[in-house]
Amino acid sequence: MAALVAKSSVVAAVARPTRSTVRPVAGLKPAVKAVSSAAPAVANQMMVWTPLNNKMFETFSYLPPLTDEQIAAQVDYIVANGWIPCLEFASADQAYVSNESTIRFGNAAAVLYYDNRYWTMWKLPMFGCRDPMQVLREIVACTRAFPDAYVRLVAFDNLKQVQIMGFLVQRPKSAKDWQPVNKRSV
């Protein structure tokens, strides 16, 4: 808190100089000392994100896998908002965008644009769906048809013309990509 106050007083002193009075540089020294003395303690508390088996998908990726009841609640929310649900799936080797799983055209690497980054759609989007049970039945059918694939449910807003949300409804049994929050950093 002292570091935050000290920093704001430095910003205030520098941001509003007046023509008649110029604040002496010596007046800023205690504020600078307070900031620099607090910095090492904060730096020691920082952690490094580990990239090994630590990949995330969509909206709820930082939470434990959703239960069937939690998935049903999200489906209710999607349908209640009038959004268009759509199921997509991908094999474990195609689920992540990487140099190995993309096709680049022309000089696409220079602009950080990757082609082939979409998952396969399960049937068509469920336009006009007003029954959450219909969506849940399709989730069951998709996960039974592709038990070794990632399956996600996405929702589109037809007025804004964008994807509003998306989350995994199934990870393959062989997937070891989800880790508790305390295991994601070192």
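Here is what the cut-offs are and how they apply
- Residues numbered from 1 in each chain as written.
- Predicted model: local features only at pLDDT ≥ 70, side-chain atom pairs only at ≥ 80, totals over all residues.
- Heavy atoms only, no water.
- UniProt positions renumbered as here; feature names shortened; annotations may be inferred.
- Salt bridge = Lys/Arg side-chain N within 4 Å of Asp/Glu carboxyl O.
- Helix = DSSP H or I, 4+ residues; strand = E, 2+ residues; numbered from the N terminus.
- Expected span 1.5 Å × (residues − 1).
- Buried < 20%, exposed > 50% of the residue type's maximum accessible area, 1.4 Å probe, protein only.
- Arc of directions from axis to C-beta.
- Contact = heavy atoms within 4.5 Å.
- Pairing = 2+ DSSP bridges.
- Axes fitted to C-alpha atoms, helices over the stretch in contact; angles between N-to-C directions.

Looking up the chain in an unreviewed UniProt entry gives the name Ribulose bisphosphate carboxylase small subunit, chloroplastic, with the organism given as Edaphochlamys debaryana. Per its UniProt entry, the chain bears the Subunit (unreviewed entry) comment "Heterohexadecamer of 8 large and 8 small subunits."

K.L.:
Just checking my understanding: could you explain the pattern of salt bridges for this structure?
P.N.:
In this structure the tally under the stated criterion is three salt bridges. Close ionic contact of glutamate 88 with arginine 152 constitutes a salt bridge, the shortest N to O distance being 2.7 Å. With glutamate 88 in strand E1 (residues 84–91) and arginine 152 in strand E3 (residues 149–157), the pair connects residues that are 64 residues apart, well separated along the chain. Across the pair lysine 123 and glutamate 138 runs a salt bridge whose closest N-O atoms are separated by 3.2 Å.

K.L.:
Would you mind going over helix H4 (residues 132–145) with me for this structure?
P.N.:
An α-helix turns once per 3.6 residues; consequently, residues spaced three or four apart project the same way. For H4, built from 14 residues, the straight-helix expectation of 20 Å at 1.5 Å per residue is met to within 8% by its first-to-last C-alpha distance of 20 Å. Within H4 the residues assigned to the buried category are Pro132, Val135, Leu136, Glu138, Ile139, Cys142 and Thr143. Buried residues along H4 cover an arc of 160° about the axis, so they all sit on one side. Residues of H4 that are buried sit in contact with helix H3 (68–80), E1, strand E2 (120–122), E3 and strand E4 (162–170).

K.L.:
Explanation requested: the sheet that holds E2 in the structure shown.
P.N.:
Across a sheet, strands are paired by hydrogen bonds formed along the backbone, either parallel or antiparallel in direction. Here we have four strands laid out as an open sheet, ordered E2-E1-E3-E4, and antiparallel in their pairing. Strand pairing shows two members of the sheet lacking a second neighbour, E2 and E4, which therefore form its edges. Strand-to-strand twist in this sheet, taken as the mean axis angle between neighbours without regard to direction, amounts to 35°. Inspection of the sheet shows E1 paired to E3 by eight bridges, in the antiparallel sense. What sits directly across from alanine 90, in E3, is tyrosine 150. Across the sheet, H3 is in contact with E1, E3 and E4; its angle to E4 comes to roughly 160°. Here H4 sits on the sheet in contact with E1, E2, E3 and E4, set at roughly 10° to E1.

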